[in-house]
Amino acid sequence: MNYKDYSKKTKKTMKSIEAYLVAEYGEVKKEWETTLYLLADNLDLLDACKDTIESNGLFDSTTWKKNPLISTMKDCQATVLKITQRLGIDPWSKAKINMPEEDSTDDFIERLTS
């Protein structure tokens, strides 16, 4: 996939994600491309929000209102988390994928304590 229009940080992250998907599934499937580009978009926007908030502050110094980019940043964070869960590349999803389907509480507790 081509990430030429994205920041260096996003390019590096996306290449790492692609490498992980290839290692895990043998390829980056065509149907994943849109999802991966959405992830790249949100990672770039998240970084832009962070940079602007660092420059301008959390609050407007004249009105003391919250910087509206904080809401945008939170939306991007939520979207990134959702996308990584859908791709199975976050720790929570990975653990969920690897859990046996039939599991009793006693077996679960026994595995934790052994």
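Residues numbered from 1 in each chain as written. Predicted model: local features only at pLDDT ≥ 70, side-chain atom pairs only at ≥ 80, totals over all residues. Heavy atoms only, no water.

1. Here's the deal with the packing of aromatic side chains
Alright, step 1. All told, the structure shown has three aromatic pairs when counted by the stated rule.
Alright, step 2. Look at tyrosine 3 and tyrosine 6: their rings are 6.0 Å apart centre to centre, the planes differ by 65 degrees, and that puts the pair in the edge-to-face class. When sorted by exposure, tyrosine 3 lands in the same class as tyrosine 6, which is buried.
Alright, step 3. Here the aromatic rings of tyrosine 25 and tryptophan 32 are separated by 5.4 Å at their centres, their planes lie at 75 degrees, and the arrangement is edge-to-face.
Alright, step 4. Judged by its relative accessible area of 39%, tyrosine 25 falls in the partly exposed class.
Alright, step 5. Aromatic rings pair up to connect Tyr3, Tyr6 and Tyr37 into one cluster. (Phe/Tyr/Trp six-rings, centres within 6.5 Å; stacked < 30°, edge-to-face > 60°. Buried < 20%, exposed > 50% of the residue type's maximum accessible area, 1.4 Å probe, protein only.)

2. Here we look at helix 1 (residues 8–25)
Alright, step 1. Counted at 1.5 Å a residue, the expected span for helix 1 with its 18 residues is 26 Å, and the 25 Å between its end C-alpha atoms agrees.
Alright, step 2. What helix 1 keeps buried is the set Thr10, Met14, Ile17, Glu18 and Leu21. Taken down its axis, helix 1 places every buried residue within 100 degrees of arc, on the same side. Among the exposed residues of helix 1, those pointing more than 90 degrees away from its buried face are Lys8, Lys9, Lys12 and Ala23.
Alright, step 3. Of the residues flanking the end of helix 1, it is glycine 26, one or two places downstream, whose phi is positive at about 90 degrees. (Helix = DSSP H or I, 4+ residues; strand = E, 2+ residues; numbered from the N terminus. Expected span 1.5 Å × (residues − 1). Arc of directions from axis to C-beta.)

3. Examining the side chain of glutamate 18
Alright, step 1. Summarising the element assignment, glutamate 18 is placed in helix 1.
Alright, step 2. One buried charged side chain, glutamate 18, makes no salt bridge at all; its nearest oppositely charged neighbour is lysine 15, positioned 4.2 Å away.
Alright, step 3. Excluding residues that lie within four positions of it along the chain, glutamate 18 makes contacts with Met1, Tyr3 and Val28. (Lys, Arg positive; Asp, Glu negative; His and termini not counted. Salt bridge = Lys/Arg side-chain N within 4 Å of Asp/Glu carboxyl O. Contact = heavy atoms within 4.5 Å.)

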